[in-house]
Every structure is written in C-alpha cells, then in structure tokens.
Amino acid sequence: DVKVTQSSRYLVKRTGEKVFLECVQDMDHENMFWYRQDPGLGLRLIYFSYDVKMKEKGDIPEGYSVSREKKERFSLILESASTNQTSMYLCASSAGTGGSGQFFGPGTRLTVL
Amino acid sequence: GDSVTQMEGPVTLSEEAFLTINCTYTATGYPSLFWYVQYPGEGLQLLLKATKADDKGSNKGFEATYRKETTSFHLEKGSVQVSDSAVYFCALPLDGYSTLTFGKGTMLLVSP
C-alpha cells in the first residue's frame, strides 16, 4: 500500500514564525500536492509538483512556498505565519496522468496564534 | 471548466438504511472518476474509482457506476453502519498531472 506521512498531526505556531510542513511518500510517485481544508470551503490546492525541483501554483498559493529537492519529499513553507493560515493541511501523491487517483497523508492541523 | 457537483449534507440515516450520495460531473472527454472518504480527524482515503463509462467501482460494500448518459457517479451502499459516518468526496482529474477537482463533500451521519 502507498504510504504518505506528514511530519506532525498537530502544530501550534505564533504569528510571524516560519513554518515547515513535511510530507514523504514511499511509492516513487512523480506527483505531489499540498491542500488546505477549511469548513465550508472544501479542499483547496495550494501547490503541486510533478517532478523534483518542479513546482506549480494551485488555486491559493499566496503566503506559501514549496520545496521538492528529492522525489519522495515535498515541503510546504509558510514564510511568516498568519492567523488566517490556521487550517488542516493535507499532502497527497500520485503516479501517472489521472487514472490512478491521489493518496493522502493523515493531515496536519496547524493553529497560528 | 471540468467540475463535480455533489449533494449537500448532512445525510442522516439509521443503521442498515440504504445510502445514495449524488455526484454529477462536467468534463471534456471521459475522465476517471473517484470517491474519497474522510473519517473524523483523518486524511482522505480513496474509496473507489471507475476509469471508463459503464464501469462500476466497488469497495467495502460501496458502489458507484460511471454513467456517461447522465454524467453521474452516484455513491450507494445497501446497508450503512455507524462506522460509515464520515465525509464523502467525489472527484475527477483536471489535467495530465492527476490534479483533482473535488466536490464540496457530503457528511454522512449514521445512528444506531
């Protein structure tokens, strides 16, 4: 089975801190994704990557950056955390071009005080 | 653009009742279609998928049939259990990188 792991289940940070969320997948997938999930807004795509060192903006990239130095690892960075970035963050990975679906990690619930 | 629309919840059922959660899609071509499930406090899990018209995906007693003529992919289960209480998402791919667009999610609450 595909396994996607995220570095923390719960995280509390202060406004202005730099925050790193790490995601690792063990199935050699080419594609990796970061979403945030908020009540009433569903899942929104922040960034995705289809190859090492490649990145593409999703629907809501403002305030975030990403890094993919190795195929199995995709990091989401909040350069200066703000309270409106309090959310559930979900990482996913997939292989191929559409038919395989995405496999999700357990999520990180981030609270910014 | 391509999109999915699913029924709003919550859907409230008693144990052993029949479940239908509606999902319709708008897409160019015939993309794969997916149902995901999210249990409280967890990430999304792929529940089932169908890759072409008239395909039926099934898993854990859930089924969904890819119907091209009605552009639908409704999720069904004959007898729900309390443990099926979760949020269910319909999804389809948007581009060649398997980027997915998700419906808003439908919460299912099953009481004993």
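Refer to the structure printed above.
Here the residue numbers are simple positions, counted from 1 along each chain's written sequence. For naming, the first written chain is A and the first written ligand is 1, with later ones following in the order written. The model is predicted, so local features are restricted to residues of pLDDT at least 70 and side-chain atom pairs to those at 80 or more, both for listing and for counting; the totals for chains, interfaces and linings are taken over all residues. Excluded from the side-chain calculations are hydrogens and water; all other atoms, namely the structure's heavy atoms, are used.

J.: What am I meant to see in the overall build of chain B here?
T.: Tallying secondary structure elements over chain B gives zero helices and 12 strands in all. The helix and strand sequence of chain B, counted from the amino end, reads β-β-β-β-β-β-β-β-β-β-β-β. Each of the three principal axes of chain B carries a C-alpha extent, and together these read 40 × 30 × 20 Å. Considering only contacts within chain B whose residues lie at least 6 apart along the sequence, 54% involve residues at least 24 apart. When the accessible surface of chain B is split by element, carbon and sulfur atoms take 50% of a total near 5,200 Å². For the purposes of this entry, the term helix denotes a DSSP run of H or I that reaches at least four residues, the term strand denotes a run of E that reaches at least two, and both are numbered from the N terminus. For this analysis, residues touch if any pair of their heavy atoms sits within 4.5 Å. Computed with a 1.4 Å probe, the accessible areas rest on the Shrake-Rupley method; for each residue, only the protein chains presented here act as cover.

J.: Help me understand the side chain of T99(B) in this model?
T.: In this fold, T99(B) is placed in the loop between β10 (86-93) and β11 (100-102). Here's how the labels work: a residue is buried when its accessible area is under 20% of the maximum for its type, exposed when over 50%, partly exposed in between, all with a 1.4 Å probe on protein chains only. Among the residues examined, T99(B) registers a relative accessible area of 4% and is labelled buried. Beyond its immediate stretch of four places on either side in the chain, T99(B) contacts F33(A), L45(A), F48(A), Q102(A), L92(B), P93(B) and L94(B).

J.: Can you walk me through the interface of chain A and chain B in this structure?
T.: Where the parts come together, the accessible area they lose is often given as the size of the interface. Each partner contributes to the interface: chain A provides 24 residues, whereas chain B provides 21 residues. Contact between chain A and chain B buries roughly 1,700 Å² in total, counting both sides, with carbon and sulfur atoms accounting for 57%. Basic side-chain nitrogens of Lys or Arg form a salt bridge, by our definition, when they fall within 4 Å of a carboxyl oxygen of Asp or Glu. At the boundary of chain A with chain B, the tally comes to zero salt bridges. N or O atoms closer than or at 3.5 Å make up a polar contact, with two conditions inside protein: a donor-capable atom paired with an acceptor-capable one, and, for residues adjacent in sequence, both atoms drawn from side chains. For the pair chain A and chain B, the interface holds four residue pairs in polar contact (both at pLDDT 80 or more). Only β4 (31-38), β5 (42-49), β9 (87-94) and β10 (103-104) of chain A provide two or more residues apiece to the side of chain A that touches chain B. Take the accessible area each of two parts loses on contact, using a 1.4 Å probe, and add the two losses: that sum is the buried area.

J.: Whenever I open this one, the pattern of salt bridges confuses me. Can you help?
T.: Residue and element names in this part refer to chain A. This structure, assessed with the given rule, holds nine salt bridges over all chains. R36 is the salt-bridge partner of D38, the closest N and O atoms lying 2.8 Å from each other. As far as burial versus exposure is concerned, D38 and R36 are alike and both buried. Of the charged contacts in the structure, one is a salt bridge between E69 and K53, with a shortest N-O distance of 2.5 Å. Of this pair, E69 sits in strand β7 (residues 64-70) while K53 sits in the loop between β5 and β6 (56-57), and the two are 16 residues apart along the sequence. Judged by relative accessible area, which is 57%, K53 ranks as exposed.

J.: Can you help me understand the sheet that holds strand β3 (residues 19-25) of chain A in this one?
T.: Within a sheet, adjacent strands bond to each other through the backbone by hydrogen bonds, running parallel or antiparallel. All names here are of chain A. Whether two strands pair comes down to DSSP finding at least two bridges between them. The antiparallel open sheet is built from four strands, whose spatial order is β1-β3-β8-β7. With one partner strand each, in any of the chains shown, β1 (4-6) and β7 form the two edges of the open sheet. When strand polarity is set aside, the average angle formed by the axes of neighbouring strands in this sheet is 20°. Relative to strand β8 (residues 73-78), β7 runs antiparallel, the two sharing five bridges. When the bridges of β8 are listed, S67 appears paired with S75. Axis definition: a line fitted to C-alpha atoms, over the contacting stretch in the case of helices. Angles run 0 to 180 degrees between N-to-C directions.

J.: What exactly am I supposed to notice about the pairing of strand β11 (residues 108-112) of chain A here?
T.: Within a regular strand, side chains alternate between the sheet's two faces. Residue and element names in this part refer to chain A. Here β11 shows one buried face, formed by T108, L110 and V112, and one open face, formed by R109 and T111. Across three bridges, β9 lies against β11 in antiparallel orientation. Bridge assignment links M88 to a residue of β11, and that residue is R109.

J.: Would you take a moment to explain the packing of aromatic side chains for this structure?
T.: For any two aromatic rings, the description comes down to two numbers: the centre-to-centre distance and the angle of the planes. Ring pairs are drawn from Phe, Tyr and Trp, using the six-membered ring of Trp, whenever the two centres fall within 6.5 Å, and their geometry is named by plane angle: stacked under 30 degrees, edge-to-face over 60, tilted for the rest. Using the criterion set out here, one finds 13 aromatic pairs over all chains in the structure. Taken together, a centroid distance of 5.6 Å and an interplanar angle of 35° make the contact between Y35(A) and F104(A) tilted. Placement of the pair is Y35(A) in strand β4 and F104(A) in strand β10, with a sequence separation of 69 residues. Given the relative accessible area of 1%, Y35(A) is considered buried. Look at F62(B) and Y88(B): their rings are 5.6 Å apart centre to centre, the planes differ by 40°, and that puts the pair in the tilted class. Taken as a pair, F62(B) in strand β8 (residues 62-65) and Y88(B) in strand β10 lie far apart in primary sequence, 26 residues in all. Comparing F62(B) with Y88(B) shows no difference in burial state: the two are buried. Members of the aromatic cluster, joined through ring pairs, are F33(A), Y35(A), F48(A), F104(A), F34(B), Y36(B), F89(B) and F102(B). One residue, K68(B), lies across the ring of Y30(B), its end atom 5.3 Å from the ring centre. Lysine and arginine charges are scored as sitting over a ring when NZ or CZ, respectively, is within 6 Å of the ring centre and within 35 degrees of the ring normal.

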